[in-house]
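# Analysis of the macromolecular model
Okay, here's what each chain looks like letter by letter:
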Amino acid sequence: RGRMDRLKNMNLGVSDSLRSRFKRLSSTSAELAEEEEMVEHQRLKSEAYEACLKAIREHLEAFIAETPEVSFEEWIEELHPENSKARRTQKMGRSIDHRFYVEHSDHRRLWNDNLGHGREYVPIRDYITANDHYDDTDKNSNNNNDNNKYNQT
């Protein structure tokens, strides 16, 4: 009987050890699968970004070939009309979403890489500066409070 108990205890010890190793392997396997999924997600994200950037670059090249003396704002209005807001007066034209002027704007960088034919460099602008781009004459006006809500001094 003592011999059977010893064998049984050895068997239980081996089983516990195997279960513990299996749990560690399962955990490691799950971590690897998650990491592989994250890598695949990042790859797909990069591919989508590059495809979008290519489409934007091709649109810019075609647009400036057709109208070489175009402005950055006119290009954005053509490419992304949903990001162009009509101003209350025709004299001031349209307002472009301020995100097109931030430091990491791909649109602004592509534009600045394709200067020529009188096209002007587009500097980095903060939110207030970007929204004020067209309306220097409107800053002192009392008629257009909506456009001046960020221009309060």
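Heads up: the structure comes first, above all this text.
Here the residue index of a chain counts from 1 through its sequence in written order. Local features are withheld for residues below a pLDDT of 70 in this predicted model, meaning they are given only at 70 or higher, and side-chain atom pairs are given and counted only at 80 or more; totals for whole chains, interfaces and linings count all residues. The side-chain figures draw on all heavy atoms in the structure; neither hydrogens nor water molecules are used.

With that settled, the discussion passes to the pattern of salt bridges. By salt bridge we mean one thing: a side-chain nitrogen of Lys or Arg within 4 Å of a carboxyl oxygen of Asp or Glu. What the rule picks out here adds up to 6 salt bridges. Notably, a salt bridge pairs glutamate 47 with arginine 43, separated by 2.2 Å at the nearest N-O pair. Taken together, the residues span about one helical turn, with glutamate 47 and arginine 43 both in helix 1 (residues 2-66) at a distance of 4 residues. Accessibility expressed as a relative area gives 37% for arginine 43, which makes it partly exposed. A salt bridge links arginine 99 to aspartate 97, with the shortest nitrogen-to-oxygen separation between them at 2.4 Å. By relative accessible area, arginine 99 is classed as exposed at 51%. Given the relative accessible area of 12%, aspartate 97 is considered buried. One network of salt bridges, with partners in common, ties together Glu40, Arg43 and Glu47. Helix numbering and strand numbering both begin at the N terminus, where a helix is a DSSP run of H or I of at least 4 residues and a strand a DSSP run of E of at least 2. Think of it in three bands: with a 1.4 Å probe and only protein chains considered, a residue is buried below 20% of the maximum accessible area for its type, exposed above 50%, and partly exposed in between.

The next thing to look at is unusual backbone geometry. Unusually for a residue other than glycine, histidine 117 sits at a positive phi of about 50°. Its place among the elements puts histidine 117 in the loop between helix 3 (106-112) and helix 4 (127-132). Accessibility expressed as a relative area gives 57% for histidine 117, which makes it exposed.

Note on aromatic pairs: the rings of Phe, Tyr and Trp (six-membered ring only in Trp) are paired at centre separations within 6.5 Å, and the planes decide the class, stacked below 30 degrees, edge-to-face beyond 60, tilted for the rest. As enumerated under the stated definition, the model contains 4 aromatic pairs in all. An angle of 25° between the planes, with centres 6.1 Å apart, marks the rings of tryptophan 75 and tryptophan 111 as stacked. Of this pair, tryptophan 75 sits in helix 2 (residues 72-79) while tryptophan 111 is found in helix 3, placing the two residues 36 residues apart along the sequence. For tryptophan 111, a relative accessible area of 1% translates into the label buried.

What follows concerns the nonpolar core. Inside soluble globular proteins, nonpolar side chains tend to come together where they are buried. The term nonpolar core refers to a set of buried residues drawn from Ala, Val, Leu, Ile, Met, Phe, Trp, Tyr and Cys, joined through side-chain atoms within 4.5 Å. Leu60, Phe72, Trp75, Ile76 and Trp111 are the most contacted members of the largest nonpolar core, which has 16 residues in total. Ranked by residue count, the leading element in this core is helix 1, at 5 residues. Contact definition: two residues touch when any of their heavy atoms are within 4.5 Å. Residue contacts for isoleucine 76: discarding those within four places in its chain leaves Pro81, Ile96, Phe100 and His107.

Quick look at helix 2 now. Where helix 2 is concerned, the buried positions are Phe72, Glu73, Trp75, Ile76 and Leu79. Within helix 2, the buried residues cover an arc of 160° as seen down the axis, which keeps them to one side. Throughout, the arc means the angular range of directions from the helix axis out to the C-beta atoms.

We now examine a negative patch on the surface. Like-charged residues within 9 Å of one another, or nonpolar side chains (Val, Leu, Ile, Met, Phe, Trp, Tyr) within 5 Å, are grouped into patches, provided each residue has over 30% relative accessible area and no salt bridge. Using a 1.4 Å probe, the Shrake-Rupley method yields the accessible areas, and only the shown protein chains count as cover for residues. Charge assignment: positive for Lys and Arg, negative for Asp and Glu; neither His nor the chain ends contribute. One atom stands in for each charge, and that atom is NZ of Lys, CZ of Arg, CG of Asp or CD of Glu. The grouping of Glu31, Glu34, Glu35, Glu36 and Glu37 at the surface amounts to a negative patch. For glutamate 35, the position within the fold is in helix 1.

So, on to the side chain of histidine 107. By the element assignment, histidine 107 lies in helix 3. Judged by relative accessible area, histidine 107 falls into the buried class, the value being 12%. Contacts described as polar in this section are N or O atom pairs within 3.5 Å, which, within protein, must combine one atom able to donate a hydrogen with one able to accept it, while residues neighboring in sequence count only if both atoms come from side chains. Among the polar contacts made by the side chain of histidine 107, one reaches the side chain of histidine 80 at a distance of 2.9 Å. Leave out the neighbours within four places in its chain, and histidine 107 touches Ile56, Phe72, Trp75, Ile76, Leu79, His80 and Phe100.

Take it as geometry only, folks, not as evidence of what the structure does.
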